[in-house]
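Residue-level listing of the chains:
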Amino acid sequence: MIIKIGILGAGYMGHTHARAYKEIKDTEVVGIADINSDKAARLAKMYNAKSYSDPDKLIYREDVDVVDICLPTPLHHEYVMKAASNGKNILCEKPIALNLKQADAMINCAKNLKVKFMVAHTLRFWPEYVEAKQIVDKEILGKPLEISTTRLVGTPSWSENDWILNPEMSLGAALDLNIHDIDFATWILGKPKSIFARGLKSFRGAYDHIISVLDYERGSQAFVEAGWMFPQTFPFTTAFRVLCRRGCIDFNFKVPGTAERREKAESSFVIYKKTAPPRYGKIVKKDPYGEEIRYFIECVKDDREPTVVTPEQAKLALRITLAGLKSIEMGKVVKL
Ligand SMILES: NC(=O)c1ccc[n+]([C@@H]2O[C@H](COP(=O)([O-])OP(=O)(O)OC[C@H]3O[C@@H](n4cnc5c(N)ncnc54)[C@H](O)[C@@H]3O)[C@@H](O)[C@H]2O)c1
């Protein structure tokens with residue numbers, strides 16, 4: 001059975017997803033929609049698909065099984081609702097939405113209409129982040145005590161009309177970068193009790209460099225740093241350290257440009273144990289976007305709900321990230 005895909009948005013993520021489908025068995029990208037018809041046509045040509053300047057026309061196509069939403073964040077709500085109402089399964093880029101009311105409406109709509117709905121929280125499919133989760137779950141290093149994460153990039157230059165730098169459209173680096181690691185910390189440690197954050201505002205008015213401290217139920221804590229106020233030559237940098245009772249996992253990844261140029265990355269993944277010499281883990285060059293999409297397609301094919309990342313978990317990541325912004329504004333700890 002071939003799963004037919006319609007991609008909405010022919011920008012950075014539209015390209016990334018289209019490239020990933022090429023490697024996924026039993027899928028065919030049949031249409032690509034973008035309000036910028038040149039971009040839609042260019043990407044569609046690369047993958048032998050039909051191009052649309054109106055996403056509705058692609059959503060209404062009867063043979064489309066999956067609508068893959070790679071549109072700017074303020075459009076996620078509208079197009080998830082439309083796709084669900086047309087009985088389509090939906091993969092939607094993160095963040096789920098700009099606010100919790102929209103997220104609730106999307107979750108309820110997908111549930112009521114019994115379509116599969118997954119938000120693309122990539123780190124849950126990024127091999128080294130997945131391995132850290134497995135080490136913690138199997139208690140190989142004992143109880144996790146602290147997570148610290150870093151996500152630093154040059155100021156994004158690719159987004160259509162610079163929507164991503166417009167605080168009203170994107171809410172800045174908080175919803176675009178910070179939410180990845182907030183979700184990772186929550187995946188490992190559970191729901192936090194509270195968050196305290198500080199932020200630097202860029203001249204556009206958004207908090208574009210954020211540091212947050214999160215407190216968890218069992219006395220664990222997380223320190224999450226994310227920002228894009230660096231010069232464009234600054235490498236894409238992502239890192240984490242998970243400190244556990246009997247050891248630590250340390251991951252560092254740096255690549256010039258953007259994340260998907262993995263083969264050019266300098267990276268290390270080391271497991272330190274109290275009772276053994278350090279183990280240098282292998283760096284897996286697998287494309288996390290491909291892993292994430294492959295998983296969603298398998299869920300659609302097997303008619304099972306995606307559980308690696310649920311819409312409720314995507315909403316929780318949004319809730320915590322928004323609470324971080326509130327903490328910056330108030331200069332206080334915000335309870336969750
Ligand atoms: N998972 C990740 O690692 C990751 C990385 C980057 C971006 N994202 C997310 O992906 C989403 C898209 O970001 P991007 O970087 O690809 O942005 P982008 O600007 O590169 O692409 C968005 C595309 O949508 C098109 N568009 C805008 N309004 C439209 C409309 N009304 N109808 C049809 N097309 C329209 C634009 O022309 C553009 O080509 C965002 O939600 C962002 O947060 C996720």
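Rules used in this analysis
- Residue numbers here run from 1 along each chain, matching the order of that chain's written sequence.
- The predicted origin of the model limits local features to residues at a pLDDT of at least 70 and limits the giving and counting of side-chain atom pairs to 80 or more, whereas totals for whole chains, interfaces and linings rest on all residues.
- Side-chain descriptors were evaluated using all non-hydrogen atoms of the structure, hydrogens and water having been removed beforehand.
- Strands are runs of DSSP state E lasting at least 2 residues, helices are runs of H or I lasting at least 4, and numbering of each runs from the N terminus.
- Each radius of gyration is computed over the set of C-alpha atoms, and the globule rule expresses the reference value as 2.2 Å times the number of residues to the power 0.38.
- Whether a residue is buried, partly exposed or exposed follows from its accessible area with a 1.4 Å probe, protein chains only, as a fraction of its type maximum: under 20%, in between, or over 50%, in that order.
- Contact definition: two residues touch when any of their heavy atoms are within 4.5 Å.
- Here the rule is simple: two strands pair whenever DSSP picks up at least two bridges between them.
- To obtain each axis, a line is fitted to C-alpha atoms, and for helices this fit is confined to the stretch in contact; angles are then taken between N-to-C directions over 0 to 180 degrees.
- Grouping into patches uses exposed residues only, defined as over 30% relative accessible area, and leaves out salt-bridged ones; the cut-off is 9 Å for like charges and 5 Å for nonpolar side chains (Val, Leu, Ile, Met, Phe, Trp, Tyr).
- Computed with a 1.4 Å probe, the accessible areas rest on the Shrake-Rupley method; for each residue, only the protein chains presented here act as cover.
- Should a side-chain nitrogen of Lys or Arg be within 4 Å of a carboxyl oxygen of Asp or Glu, the pair is scored as a salt bridge.
- Note that the domain bounds reflect an automated or database-derived domain assignment.
- Each of two parts loses accessible area, computed with a 1.4 Å probe, when they are put together; buried area is these two losses added.
- What makes a residue near a molecule or strand is one non-hydrogen atom of that residue sitting within 4 Å of it.
- Here a polar contact is recorded for every N or O atom pair within 3.5 Å, except that within protein the pair must consist of a potential hydrogen donor and a potential acceptor, and residues adjacent in sequence are included only if both atoms are side-chain atoms.
- Nonpolar residues are Ala, Val, Leu, Ile, Met, Phe, Trp, Tyr, Cys and Pro. Charged residues are Asp, Glu, Lys and Arg, and all others, Gly as well, are polar.
- Classification of ring pairs rests on two measures: the distance between centres of Phe, Tyr or Trp rings, Trp counted by its six-membered ring, which must be within 6.5 Å, and the angle between planes, read as stacked under 30 degrees, edge-to-face over 60 and tilted in between.
- Look at NZ for Lys and CZ for Arg. If either is within 6 Å of the ring centre and within 35 degrees of the ring normal, a charge sits over the ring.

Our focus in this paragraph is the overall build of the protein chain. Looking only at helices and strands, the protein chain features 10 helices and 15 strands. Here the protein chain has a C-alpha radius of gyration of 20 Å; the compact-globule value for 336 residues is 20 Å, and the two agree. The principal-axis extent of the C-alpha atoms belonging to the protein chain is close to 55 × 45 × 40 Å. Expressed as a percentage of the 336 residues in the protein chain, the buried residues total 55%. Considering only contacts within the protein chain whose residues lie at least 6 apart along the sequence, 68% involve residues at least 24 apart.

With that settled, the discussion passes to the environment of Met106. Here Met106 shows up in helix α5 (residues 100–112). The exposure class of Met106 is buried, given its relative accessible area of 0%. Note: C-alpha distance between Met106 and Ile96 (10 residues apart in sequence) is 8.6 Å. Leave out the neighbours within four places in its chain, and Met106 touches His76, His77, Val80, Met81, Ile96, Ala97 and Phe117.

What follows deals with the sheet that holds strand β3 (residues 50–52). In space, the 6 strands of this open sheet follow the order β3-β2-β1-β4-β5-β6, with parallel pairing throughout. Only two strands of the sheet have a single neighbouring strand rather than two, namely β3 and β6 (117–120). Direction aside, the axes of adjacent strands within the sheet are offset by 25° on average. Pairing analysis gives 6 bridges linking strand β1 (residues 3–8) to strand β2 (residues 27–33), with the strands arranged parallel. From the neighbouring strand, Lys4 faces β2, where its bridge partner is Glu28. Together, β1, β2, β4 (66–69), β5 (89–93) and β6 form the strand contacts of helix α9 (residues 288–302), whose direction differs from that of β5 by roughly 165°.

This brings us to a nonpolar patch on the surface. On the surface, Phe196, Ile211, Val213, Phe223 and Val333 cluster together to form a nonpolar patch covering roughly 370 Å² of accessible area. Positionally, Phe223 belongs in strand β10 (residues 221–230).

For the rest of this paragraph, the subject is the domain arrangement of the protein chain. Looking at the protein chain, the domain boundaries give domain 1 (3–119) and domain 2 (123–289 + 319–335). The centre of domain 1, based on its C-alpha atoms, is set 26 Å off from the matching centre of domain 2. Taken together, the 17 residues of domain 1 in the interface contact 19 residues of domain 2. When domain 1 packs against domain 2, the two sides together hide about 1500 Å² of surface, and 67% of this comes from carbon and sulfur.

Attention now goes to the environment of Thr233. Structurally, Thr233 is set in the loop between β10 and β11 (236–244). Residue class for Thr233 comes out exposed when judged on its relative accessible area of 73%.

Around the ligand sit 28 residues, and of these Met13, Asp34, Lys39, Trp163 and Asp176 come closest. Residue Tyr12 places a main-chain N or O atom 2.9 Å away from an oxygen atom belonging to the ligand. One of the side-chain N or O atoms of His76 is found 3.0 Å from an oxygen atom in the ligand. Expressed as a share of its isolated accessible area of 850 Å², the protein-covered part of the ligand is 93%. At the level of secondary structure, the elements contributing two or more residues to the shell around the ligand comprise α1 (12–22) and α8 (173–189). The residue makeup of the shell around the ligand, split by class, is 14 nonpolar, 8 polar and 6 charged.

Turning our eyes to something else, we now look at the packing of aromatic side chains. Scanning the entire structure with this criterion turns up 13 aromatic pairs. Here Phe184 and Phe240 contribute two aromatic rings whose centre-to-centre distance is 5.1 Å and whose plane-to-plane angle is 45°, an arrangement assigned as tilted. In this pair, Phe184 is assigned in helix α8 and Phe240 in strand β11, connecting sequence segments 56 residues apart. An angle of 40° between the planes, with centres 5.3 Å apart, marks the rings of Phe240 and Phe251 as tilted. Here the residue Phe240 occupies a position in strand β11, and Phe251 occupies one in strand β12 (residues 247–255), the gap between them amounting to 11 residues. Judged by relative accessible area, Phe240 falls into the buried class, the value being 2%. Aromatic rings pair up to connect Trp126, Tyr129, Phe184, Phe236, Phe240, Phe251, Phe253 and Phe269 into one cluster. Sitting above the plane of the Tyr52 ring, Lys50 keeps its charged end 5.3 Å from the centroid.

Our focus in this paragraph is the sheet that holds strand β13 (residues 266–273). Strand order in the open sheet formed by 9 strands is β14-β13-β12-β11-β7-β10-β9-β8-β15, and the pairing between neighbours is mixed. What marks the edges here is a single partner per strand, and that holds for β14 (276–280) and β15 (334–335). Strand direction decides the pairing type here: β11 and β12, joined by 9 bridges, are antiparallel. Counted as the bridge partner of Cys244 is Gly247 from β12. Helix α6 (residues 127–137) contacts β7 (144–154), β11, β12, β13 and β14 of the sheet and is inclined by roughly 5° relative to β11.

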